[in-house]
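What follows is each chain in one-letter form.
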Amino acid sequence: MPVYDPTRYDDVPVSELLGAAARGYIGVDRRLLRSILARPSAAAEVLAFTRESDKDHRIDLDPALVDLFRSWGTPEALDYYMAVVRRRAEDLSDELILALLPLREQAVGPLLALYNDLEEEQTSDVAFLLAGLQLRDPRILALLLDRLEFDTADGAFLLGLYGDVEARPRLEAVLAELPEDDPELRREVQYALEQLGRDAEPYQAEPFDLLREYPEREAPAFDVLSDAERIEMLGSPDAEVRAQAAHSFFNQELDPKGRAALLALARSDAEAKVCGEAWASLADATEDAGIRGEMLAVLSDPARDVWERGGAAVGLYGVADREDVHPAIEKLYEEGAHARAKALEAMWRSLWPHYSKFFAAHIEDSDAAIARQALRGAGYFQLTRSIDKIAAYFDRDDDEDDLREDALFAYAMAMPGQTTRGRVRGMLRKIDDLAQLKPEEADLVMFALDERLRLHGLEPVFQDDAEEEVEETPQAPAPAVKAGRNDPCPCGSGKKYKKCHGA
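The rules behind each value
- Here, residues in each chain are numbered from 1, in the same order as that chain's written sequence.
- Local features in this predicted model are restricted to residues whose pLDDT is 70 or higher, and side-chain atom pairs enter the listing and the counts only when it is 80 or higher, whereas totals over whole chains, interfaces and linings include all residues.
- Values reported for side chains reflect all heavy atoms of the structure, with hydrogen atoms and water molecules removed beforehand.
- An axis is simply a line fitted to the C-alpha atoms; with a helix, the fit covers only the stretch in contact. Between two such axes, the angle follows the N-to-C directions and lies from 0 to 180 degrees.
- Strands here mean DSSP runs of E at least two residues long; helices mean DSSP runs of H or I at least four residues long; both are numbered from the N terminus.
- By the definition adopted for this analysis, an angle is roughly parallel if under 35 degrees, roughly antiparallel if over 145, roughly perpendicular if from 65 to 115, and oblique otherwise.
- Put simply, a crossing is left-handed when the front helix is turned counterclockwise from the back one by less than a right angle, and right-handed when it is turned clockwise.
- Here, residues are in contact when the closest pair of their heavy atoms is within 4.5 Å.
- Under the convention adopted here, Pro, Cys and the residues Ala, Val, Leu, Ile, Met, Phe, Trp and Tyr are nonpolar, Asp, Glu, Lys and Arg are charged, and Gly plus all remaining residues are polar.
- Buried means the residue's accessible area, taken with a 1.4 Å probe over protein chains only, is under 20% of the maximum for its type, while exposed means over 50%, and partly exposed covers the values in between.
- Polar contacts, as counted here, are pairs of nitrogen or oxygen atoms within 3.5 Å of one another; within protein the pair requires one atom able to donate a hydrogen and one able to accept it, and residues that are adjacent in sequence qualify only if both atoms are side-chain atoms.
- For every residue, the predictor reports its confidence as pLDDT, a number between 0 and 100.
- In this analysis, a patch consists of residues with relative accessible area above 30% that form no salt bridge, clustered at 9 Å for like charges and at 5 Å for the nonpolar side chains Val, Leu, Ile, Met, Phe, Trp and Tyr.
- The Shrake-Rupley method, run with a 1.4 Å probe, gives the accessible areas here. Residue values count only the displayed protein chains as cover.
- The rule for a salt bridge is simple: a side-chain nitrogen of Lys or Arg has to be within 4 Å of a carboxyl oxygen of Asp or Glu.
- Positive: Lys, Arg. Negative: Asp, Glu. His and the chain ends are not part of the count.
- To locate a charge, the coordinates of NZ of Lys, CZ of Arg, CG of Asp or CD of Glu are taken.
- Expected span of a helix: the number of residues minus one, times 1.5 Å.
- Classification of ring pairs uses Phe, Tyr and Trp, with its six-membered ring standing for Trp, and accepts pairs whose centres are within 6.5 Å; under 30 degrees between planes counts as stacked, over 60 as edge-to-face, and the remaining range as tilted.

## Here's the deal with the packing of helix 8 (residues 124–132) against helix 9 (residues 138–150)
- Running from N to C, helix 8 and helix 9 cross one another at 135 degrees; their axes reach a closest spacing of 10 Å. Looking at the two axes, helix 8 sits oblique to helix 9. Note on packing geometry: the crossing formed by helix 8 with helix 9 is left-handed. Touching S124, A127, L130 and A131 of helix 8 are I140, L143, L144 and R147, all from helix 9.
- In terms of residue class, the contact of helix 8 with helix 9 is made up of six nonpolar, one polar and one charged.

Listed below in structure tokens is the structure:
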């Protein structure tokens, strides 16, 4: 597996760069896109790449490729756009639609052919796209009129969007047949009738700044890489990638090769942050007295950079209750700033009750890194007395540091109420009432509530496959006690809690 240097992207062919991104070796970011955009023949090279086999691809590059062609205004990309529409017929992105609009005259025929190839229940988004093209074409009108038979509400909406007065007789006939006791559907059809014949604004392409849509730096997709590939990434010329590669092993059971590679990196890398991430990911190795002693020596050495000492502290979380370890972690905490944030992280990950007293004072800390770890500790140590301080983050619209999700997790873990499988759905409703959860936030809160159940030795409620796993693998009931960091995980995986749901 080649390891790429972002500062030398310009020396690598476009097809090779895109192939590396598709395999997860490099992130799709401004560095990659700038390199591609700077090349005179880039559009043709990217188009050629879209025609190659994607059987080895692990990352979906369609969104980035669509954005590239949109920025160039490449008419030759129409066949590629249609291939993407076919792959995503039931969930067309706004970006794909905006890329297609400048080619709408050429796109009508292929879109109609694709529509006829699909099952009717798959065609709603393609019909929406055709209506939105705002091109008067009898084939489009016939298609939209047919949708009235399949789905009256959807067909009426699309005909209103299309705006052709030729649809009036059919819509009026449908309205006349609708019963008075279906006011919502009647309103939908009436609204569509009101939209017919309006003057459509001439199409004008929206300005599009491709680079604004992407981060300056994006990590490789470590979650799709094998252990061997991630070990190779530890040798990247980019220190940030080395640090991210080391972090990808955190809370993973290490095989001898992984352990040796991380240990070598921790001992020798020139960047303290890289060393710190490597020490943190050696948490799995702290049962080895030699490695544990080396990590403790790093943590206790004031001459070492705080990034390295902080990583060593996190790596020692599994043994943070040892008499030779916890004084060093608490001394790191006393230094404040980044050192305090990493000490707090080691403390809450340890689940050792001795540390519960350290978090409440920092929930409202002005240092966001410290506040984030304090929120997590408040959740895991169930600091119910601090629940109002945690909830105060729900309404911080100006929170640039985005601590709301950390607060939601902490609130779900620490909110008042008995922890039982029968009560957690009510807890979810209460949090939703308080915070007006977005869908992704609801998923986070459900995970937190399941985590709360696990900490009390109970099976999760919201985990999709929890019941199937219990049915397929009968297990003895777990005792109703909190799981310690070195106890078997209550989920029944057989791993220690710290290496499973304690991650």
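## Regarding helix 10 (residues 152–162)
- Among the residues of helix 10, D154, G155, A156, L158, L159, G160 and Y162 are the ones counted as buried.
- Of the residues flanking the start of helix 10, the one acting as N-cap is D151, its side-chain oxygen 3.3 Å from the backbone nitrogen of A153.
- Following helix 10 by one or two positions, G163 adopts a phi angle in the positive range, close to 80 degrees.

## A look at the confidence of the model for the protein
- When pLDDT is averaged across the protein, the result is 91; 91% of the residues are at 70 or more.
- Overall, residues 465–488 carries pLDDT values under 50, and its contacts beyond four positions in sequence, including any with other chains, amount to 40 contacts.
- In this model, residues 490–503 is a region of pLDDT below 50 whose contacts with residues beyond four sequence positions or in other chains number 52 contacts.

## So, a negative patch on the surface
- Taken together, E90, D91, E119, E120, E121 and D146 make up a surface patch of like negative charges.
- Assessed through its relative accessible area of 55%, E90 is described here as exposed.

## Concerning the packing of helix 21 (residues 368–380) against helix 23 (residues 404–414)
- It is the contact of helix 21 with helix 23, at a shortest axis distance of 7 Å, that shows an interaxial angle of 20 degrees. With respect to helix 23, the axis of helix 21 lies roughly parallel. As helix 21 packs across helix 23, the resulting crossing turns out to be left-handed. Every residue of helix 23 that contacts helix 21 at R372, L375, R376, A378, G379 and Y380 is listed here: D406, A407, F409, A410, M413 and A414.
- For the contact of helix 21 with helix 23, a count of residues per class yields eight nonpolar, one polar and three charged.

## Here we look at the side chain of T286
- Inspection of the secondary structure assignment puts T286 in the loop between helix 16 (272–281) and helix 17 (289–299).
- Of the residues examined, T286 reaches a relative accessible area of 1% and is grouped as buried.
- Among the polar contacts made by the side chain of T286, one reaches the main-chain carbonyl oxygen of A283 at a distance of 3.1 Å.

## A few points about helix 21
- In this model helix 21 runs 18 Å from its N-terminal to its C-terminal C-alpha over 13 residues, within 8% of the 18 Å that 1.5 Å per residue would give.
- Taken residue by residue, helix 21 has A368, I370, A371, Q373, A374, L375, G377, A378, G379 and Y380 as its buried positions.
- The residue sitting at the N-terminus of helix 21 and contributing the capping side-chain oxygen is D367; that oxygen lies 3.0 Å from the backbone nitrogen of A369.
- Looking one or two residues beyond helix 21, the residue adopting positive phi is Q382, at roughly 50 degrees.

## Topic: the pattern of salt bridges
- Considering all chains together, one arrives at 31 salt bridges under this definition.
- Linking D238 and R31 is a salt bridge whose minimum nitrogen-to-oxygen distance equals 3.3 Å. Here the residue D238 occupies a position in the loop between helix 13 (227–233) and helix 14 (239–247), and R31 occupies one in helix 2 (residues 30–37), the gap between them amounting to 207 residues. Assigned by exposure class, D238 and R31 land together as buried.
- Members of the salt-bridge network, linked through shared partners, are D29, R31, R217 and D238.

## What about the packing of aromatic side chains?
- One pass over the structure, following the stated rule, counts 14 aromatic pairs.
- Centre to centre, the rings of F128 and F157 are 6.4 Å apart; their planes meet at 5 degrees, and the pair counts as stacked. On the criterion of sequence distance, the pair formed by F128 in helix 8 and F157 in helix 10 is long-range, its members being 29 residues apart.
- The class of F128 is partly exposed, set by a relative accessible area of 34%.

## Topic: unusual backbone geometry
- Phi at Q134 takes a positive value of approximately 60 degrees, unusual for a residue other than glycine.
- Mapped onto the fold, Q134 is located in the loop between helix 8 and helix 9.
- The class for Q134 is partly exposed, based on a relative accessible area of 26%.
- A positive phi is found at N251, a non-glycine position, where the angle reads about 60 degrees.
- With respect to the helices, strands and loops of the structure, N251 is situated in the loop between helix 14 and helix 15 (256–268).
- By relative accessible area, which is 13% here, N251 ends up buried.

## Concerning the side chain of D154
- Assignment of secondary structure puts D154 in helix 10.
- Residues within four places of D154 in sequence aside, it is in contact with S124 and R147.

## Description of the environment of L175
- For L175, the position within the fold is in helix 11 (residues 168–177).
- Residue classification places L175 among the buried residues on the basis of a relative accessible area of 15%.
- Along the sequence, L175 and A442 sit 267 residues apart, while their C-alpha atoms lie 39 Å from each other.
- With sequence-adjacent residues up to four places away left out, L175 is seen in contact with R186, V189, Q190 and L193.

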